[in-house]
Amino acid sequence: MVIARTIEELQKAKEGLQGSIGFVPTMGALHQGHLSLIQRAVEENDHVIVSVFVNPTQFLEGEDLDAYPRREAADTQICERAGVDILFMPTIDQMYEPDELCIGAPAIRGYTLEGQKRPGHFDGMLQVVMKLLNLSGADRAYFGKKDAQQLALITQMVRNYFMNVEIVPCEIIRDEKGLALSSRNAYLSSEEKERALALSRALKRATKLVMAGEHNTETIKKEMLDILKEADRIDYAAIVDRDFIAIEEVEIGNTIILVAAWVGKTRLIDNVWI
Ligand code: PAF
């Protein structure tokens, strides 16, 4: 495995690759969820590039940019064992210059839910993903469904900018109790981890209600909010279609149910696709 820290090193390493390229962009602190994306990329492509870059432009003032877990040695080992060809770990100055041209996420998907709670987050995310997709030259790029709104925006960006890459959505990976895996779970104490299960419990309850024939989204949200009270602060319980438009009735095959809540100082998100 080649470790590339500069764009020049990445381009040089890519020269040696023949055949299809799968790409998994990450912010590091790799866990089983990332590994499932990497494994799928390895299965479906001749070569795999993984990036580890904690992107400053997608963190808001006062968010956890400095505290975000950084585990370079462990990440390197995980990628090496998984059969990654190139691990790209650039510095900030490799990725950005001052006064950059920026991409703006559309209000409807970029400034609702996650985007309303974290205004500007998706602009920064799209900015770096555009750069990373272009640099990787990937045929396919793998993203988890846990960041559903991120996934929808990236899919739209690729479509709107005629980018020649297939975006592959991948299933959410959960621990044995149901907690969706996230690098931010590392912040949770064991007591908080138990309470964090409220998010997946609320989603399970919602799914059960839908399966029992309850399609009214207000009724479902009420029940979810009741379960989410175990968290310290609820940001939202929402039910939208796959375009992220709020809906009154669940439509099977075109619905995403999402929750966001704080447990202690940690903000968690989770969702289920119906
Ligand atoms: O999902 C993430 O880890 C990040 O948002 C991404 C896609 C790597 C961009 O920084």
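Report follows, based on the coordinates. (Residues numbered from 1 in each chain as written. Predicted model: local features only at pLDDT ≥ 70, side-chain atom pairs only at ≥ 80, totals over all residues. Heavy atoms only, no water.)

## What to know about the pairing of strand β6 (residues 166–170)
Direction of pairing for strand β5 (residues 140–144) relative to β6: parallel, over a ladder of five bridges. The residue bridging F143 from the neighbouring strand is P169, located in β6. After leaving β5, the chain enters helix α8 (residues 148–160) and then returns to the sheet as β6, a path that is right-handed. (Pairing = 2+ DSSP bridges. Helix = DSSP H or I, 4+ residues; strand = E, 2+ residues; numbered from the N terminus. Right-handed = clockwise from strand over helix to strand, strands pointing away.)

## Here's the deal with helix α3 (residues 72–82)
Buried within α3 we find D75, T76, C79 and A82. Here the buried residues of α3 occupy an arc of 135° about the axis, which is enough to place them on one side. Opposite the buried face of α3, at more than 90 degrees from it, the exposed residues are A73 and R81. Here the buried face of α3 lies against β1 (2–4), α2 (32–44), β3 (47–52) and β4 (86–88). Looking one or two places after α3, you find G83, whose phi comes out positive at around 90°. (Buried < 20%, exposed > 50% of the residue type's maximum accessible area, 1.4 Å probe, protein only. Arc of directions from axis to C-beta. Contact = heavy atoms within 4.5 Å.)

## Considerations on the sheet that holds β3
Strand order in the open sheet formed by six strands is β1-β4-β3-β2-β5-β6, and the pairing between neighbours is parallel. The strands lining the two open edges of the sheet, one partner per strand, are β1 and β6. Averaged over all neighbouring strand pairs, the angle between strand axes comes to 25°, with direction disregarded. Relative to β3, strand β2 (residues 21–26) runs parallel, the two sharing six bridges. Across the sheet, the residue bridging to F23 is I49, located in β3. Strand contacts of helix α7 (residues 121–136): β2, β3, β4, β5 and β6, with the helix running at about 150° to β2, the strand carrying the most contacts. Sheet strands touched by α8: β5 and β6. Its angle to β6, the strand with the most contacts, is close to 165°. (Axes fitted to C-alpha atoms, helices over the stretch in contact; angles between N-to-C directions.)

## Here's the deal with the site of the ligand
As a matter of local geometry, the ligand sits amid P25, T26, M27, N55, Q58, M125, V128, V129, F143, D147 and Q150. Interatomic distance of 2.6 Å between a side-chain N/O atom of Q58 and an oxygen atom of the ligand. Contact distances for the ligand include 2.7 Å between an oxygen atom and a side-chain N or O atom of Q150. Here the ligand has 290 Å² of accessible area as a free molecule, and 89% of this is covered by the chains. (Near = heavy atom within 4 Å. Polar contact = N/O pair within 3.5 Å; in protein donor to acceptor, adjacent residues only side chain to side chain. Areas by Shrake-Rupley, 256 points an atom, 1.4 Å probe, with all protein chains shown as cover.)

## A short note on the packing of helix α9 (residues 190–211) against helix α10 (residues 217–228)
In the contact formed by α9 and α10, the axes pass within 8 Å of each other and the chain directions differ by 155°. Relative to α10, the element α9 lies roughly antiparallel. In the packing of α9 onto α10, the handedness of the crossing is right-handed. Where α9 approaches α10, its residues A198, L199, R201, A202, L203, R205, A206, L209 and V210 are matched on the opposing element by I220, E223, M224, I227 and L228. Tallied by class, the residues present in the contact of α9 with α10 amount to eleven nonpolar, no polar and three charged. (Parallel < 35°, antiparallel > 145°, perpendicular 65-115°, else oblique. Left-handed = near helix turned anticlockwise from the far one by under 90°. Nonpolar A, V, L, I, M, F, W, Y, C, P; charged D, E, K, R; others polar.)

## Points about the nonpolar core
By size, the foremost hydrophobic cluster in this structure holds 34 residues, and its most contacted members are L133 and I167. Going through the elements one at a time, α1 (7–15), β2, β4, α7, β5 and α8 are the ones with two or more residues in this core. Looking at which element gives the most residues to this core, the answer is α7, with nine residues. Among all residues touching L133, those that are not within four sequence positions of it are F23, A138, A141, M157, V158, M163, V165 and I167. Residues A202, L203, L209 and I227 belong to the second largest nonpolar core, which totals 26 residues. (Core = buried A, V, L, I, M, F, W, Y, C linked by side-chain atoms within 4.5 Å.)

## Some details on α1
Three or more residues of α1 are buried, namely L10, A13 and K14. End-on, the buried residues of α1 take up no more than an arc of 100°, which puts them together on one face. Exposed residues lying more than 90 degrees from the buried face of α1 are E8, K12 and E15. Buried residues along α1 sit in contact with β1, β3, β4 and α7.

## What to know about the sheet that holds strand β8 (residues 255–263)
If you walk across this open sheet you meet the three strands as β7-β8-β9, and the pairing is antiparallel. Either end of the sheet is taken by a strand with one partner, and the two such strands are β7 (233–241) and β9 (266–273). Sheet twist, expressed as the average angle between the axes of neighbouring strands with direction ignored, equals 10°. Two strands pair when backbone bridges link them, and β8 and β9 are joined in this way by eight bridges, in the antiparallel orientation.

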